[in-house]
There are 2 protein chains.
Amino acid sequence: MLIGMVASAAGTFAQTDPLPSWNDGKAKSTILDFVGKVTREGGPDYVRPAERIATFDNDGTLWAEQPVYFQLQFAFDEVKRLAAQNPDWKTREPFRSVLNRDLKGLAASGEKGLLQIMAATHTGVTTDQFAKAVANWLASARHPTKQRPYDELVYQPQLELLAFLRANGFKTFIVSGGGVELMRVFAEKAYGIPPEQVIGSSGVVKFRLGSDGKPELFKEAKVEFIDDGPGKPVGINRFIGRRPILAFGNSDGDLQMLQYTTAGSGLRLALILHHTDAEREWAYDRTSRIGKLDKALDEGKAKGWTIVDMKADWKTVFPPERRP
Amino acid sequence: MLIGMVASAAGTFAQTDPLPSWNDGKAKSTILDFVGKVTREGGPDYVRPAERIATFDNDGTLWAEQPVYFQLQFAFDEVKRLAAQNPDWKTREPFRSVLNRDLKGLAASGEKGLLQIMAATHTGVTTDQFAKAVANWLASARHPTKQRPYDELVYQPQLELLAFLRANGFKTFIVSGGGVELMRVFAEKAYGIPPEQVIGSSGVVKFRLGSDGKPELFKEAKVEFIDDGPGKPVGINRFIGRRPILAFGNSDGDLQMLQYTTAGSGLRLALILHHTDAEREWAYDRTSRIGKLDKALDEGKAKGWTIVDMKADWKTVFPPERRP
């Protein structure tokens, strides 16, 4: 009987590794140690549940971001979908280049061209219409090389970390340079993060009465807030109003969020995902056009932040396919 | 034994009226009925917990707003406190009028004067410094006629309603024209609403490195967002990203929030607090300078929204004194 209980307890213990997709190593033990300390009531590092705020970047931290940010891929796909309603796009830049997969032409249109593409695919519709367009795209689009729906290219180890934090009384937030209205469509299902815990970049939205007399929110072609770099602590203050005790990023755009998080009093945990796995995912850092990690890598190493090495620290990268 | 159980159950039932400060009547029964329906699993009006979003205006809905908005009273008190560091204020308008309690002089300085007072008392400091100033004010200031701390002039029936909604899986939010950084200082303690569920008006905040090299957030003298009128649905979309199923306001500034809430599909509940109690609180509506309720009262009556009559519907207005 006693032996049975011990065996059963050991079995339970073995089964309940909260981070099974993380290899044993410094990153994993640092996370487990941190969570253990801030949740130990009466301990010197105890943090009450309401203050257990964890913020995660999205692109390159919770889901992949190569070969281009998925939101940009959405914009390109939308240009193709909307081309029938916009016959002049066949000959008008930057749309012509997108429709002809002419990367040189697109590059020539520069940032101005990109903003035109974003405006044409993200604005001039109600928030409800936009959410529907995103949902339709996620249901049908496939990543160009991984051949999977974009919302399946989330990181399994991070899903486990988010769930582990929540099981320990943390409130998990996304703090991303990506568009907030795009992320909110899939964040709840993909990450278990509800819309009100998603912070991102946004355009101006106006309240108006629609043609049916019903109130609606209309997305205008004007940038409102860029939730990147120094914008991240500003966004955290604006939306959360509390300093996180844990922040996780992967690029220089996350540097100020990590600085702000670690500058608070008491125990804090800053983590950086280093993309080192060319085989299972991608390997890039200091010179990458997307997700450049240079200054934050230096500062993170100097300050003893936890640098997660994807190749070494992660047993699995992506979750199993949901839709075969 | 059976009789004992029945008596005990009846006793439990009697003791657990979730809204003891609400008189029995249409308003109370409408609330109880609504919450019963949206939480009844399998019922036609069931709403899953994640979608149970309730938004409350603050000034005049959760706490009093007479004779002037409490935030304005804070600003006046801060002018007095900061006068020693600003000797020129003795002769400089609009500060001179505030220091001399010269209401005519203050009125003469108009909206421009008011903005100067708000800038002088709400900006040019870090977010941490501002939160400290608010906390100090709440600890020492007393309402001019009620002689109580401002954060005790919250409405007891609303505290019960907030708790009742949360006990039924609702997430409760403040959506107020008031400054978000002021409300967040007391909302958790006063209402049980954490900072990340407080939406309000805000000024521009900048990330910077302080003199000690530590990152800090600095409040600039520039308005960023006015969370009032048509700004309320915009704020709800920006911060929550979901349409509320219940909204509670008290003035024309809440009209668009109530319209937006009730325009959603499924069961919705719109409530308006009508200040009808000159004896225990204040009586004001269509012609009031503060908390004007005119258009929203007409539209609410026409559309069958729940008009809460403070005098008739509330057994108690304010909670017992915490600090005698």
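Whatever comes next refers back to the structure up there.
Position labels on residues start from 1 in each chain and follow its written sequence. Naming scheme: in the order in which they are written, chains are lettered from A and ligands are numbered from 1. Given that this is a predicted model, residues contribute local features only at a pLDDT of at least 70 and side-chain atom pairs are listed and counted only at 80 or more, while totals for whole chains, interfaces and linings are drawn from all residues. As a rule here, side-chain values come from all non-hydrogen atoms in the structure, and water together with hydrogens is ignored.

## What about a nonpolar patch on the surface?
Note the cut-off: Residues form patches when they are more than 30% accessible in relative terms and have no salt bridge. Like charges link within 9 Å. Nonpolar side chains (Val, Leu, Ile, Met, Phe, Trp, Tyr) link within 5 Å. Note on areas: Shrake-Rupley, 1.4 Å probe, and residue coverage restricted to the protein chains presented here. By definition here, a salt bridge exists when the distance from a side-chain nitrogen of Lys or Arg to a carboxyl oxygen of Asp or Glu is within 4 Å. Each helix corresponds to a stretch of at least 4 residues labelled H or I by DSSP, and each strand to a stretch of at least 2 residues labelled E; elements are numbered beginning at the N terminus.
A cluster of nonpolar residues, B:Leu115, B:Val223 and B:Ile226, forms a patch on the protein surface that exposes about 290 Å² of accessible area. In this fold, B:Ile226 is placed in the loop between strand 4 (215-225) and helix 9 (231-239).

## Here's the deal with the relation of the copies chain B and chain A
Note the cut-off: The fit set for superposing copies consists of C-alpha atoms from residues with pLDDT of at least 70 in both; the fit itself is least squares. Contacts are residue-level and defined by heavy atoms, with any inter-residue pair within 4.5 Å sufficient.
Of the two same-sequence chains, chain B is brought onto chain A (RMSD 0.0 Å, axial shift 0.0 Å) by a rotation of 180°. When the rotation and shift are considered jointly, the pair of chain copies conforms to a two-fold rotation axis. Proximity to the rotation axis, assessed at the C-alpha, singles out B:Phe239 in chain B; its C-alpha lies 3.3 Å from the axis. Residue by residue, 100% of the interface of chain B is reproduced at the interface of chain A, so both copies engage with the same surface.

## Overview of helix 8 (residues 180-191) of chain B
The periodicity of an α-helix, 3.6 residues per turn, causes residues three or four positions apart to be oriented the same way. To keep things clear, this is the line we draw: Partly exposed residues are those whose accessible area sits between 20% and 50% of the maximum for their type, while under 20% is buried and over 50% is exposed, using a 1.4 Å probe and protein chains only.
Counting buried positions along helix 8 of chain B gives 9 out of 12 residues, so the element sits mostly inside the fold. Remark: B:Gly192 follows helix 8 of chain B within two positions and exhibits a positive phi of approximately 70°.

## A word on the sheet that holds strand 6 (residues 269-274) of chain B
All names here are of chain B. Note the cut-off: Two strands qualify as a pair provided DSSP detects at least 2 bridges between them. In this analysis an axis means a line fitted to C-alpha atoms, helices contributing only their contacting stretch, and an angle means the value between N-to-C directions, from 0 to 180 degrees.
The strand order across the open sheet formed by 7 strands is 4-3-2-1-5-6-7, and the pairing between neighbours is mixed. With one partner strand each, in any of the chains shown, strand 4 and strand 7 (306-309) form the two edges of the open sheet. On average, each strand axis in the sheet is tilted by 35° relative to the strand beside it, whichever way the strands run. As paired strands, strand 1 (residues 53-56) and strand 2 (residues 171-179) are joined by 4 bridges and run parallel to one another. When the sheet's bridge partners are listed, Phe 56 is paired in strand 2 with Ile 174. Lying on the sheet, helix 8 is in contact with strand 2, strand 3 (198-209) and strand 4; it crosses strand 3 at an angle near 120°.

## As for the side chain of A:Gln197
Test applied: What qualifies as a polar contact is a pair of N or O atoms within 3.5 Å, subject to a donor-acceptor requirement within protein and to the restriction that residues adjacent in sequence count only when both atoms come from side chains.
Note that A:Gln197 resides in the loop between helix 8 (180-191) and strand 3 (198-209). Given a relative accessible area of 6%, A:Gln197 falls into the buried group. A distance of 2.9 Å separates a polar side-chain atom of A:Gln197 from the backbone oxygen of A:Thr172. Beyond its immediate chain neighbours, meaning those up to four positions away, A:Gln197 contacts A:Lys171, A:Thr172, A:Phe173, A:Ile174 and B:Lys171.

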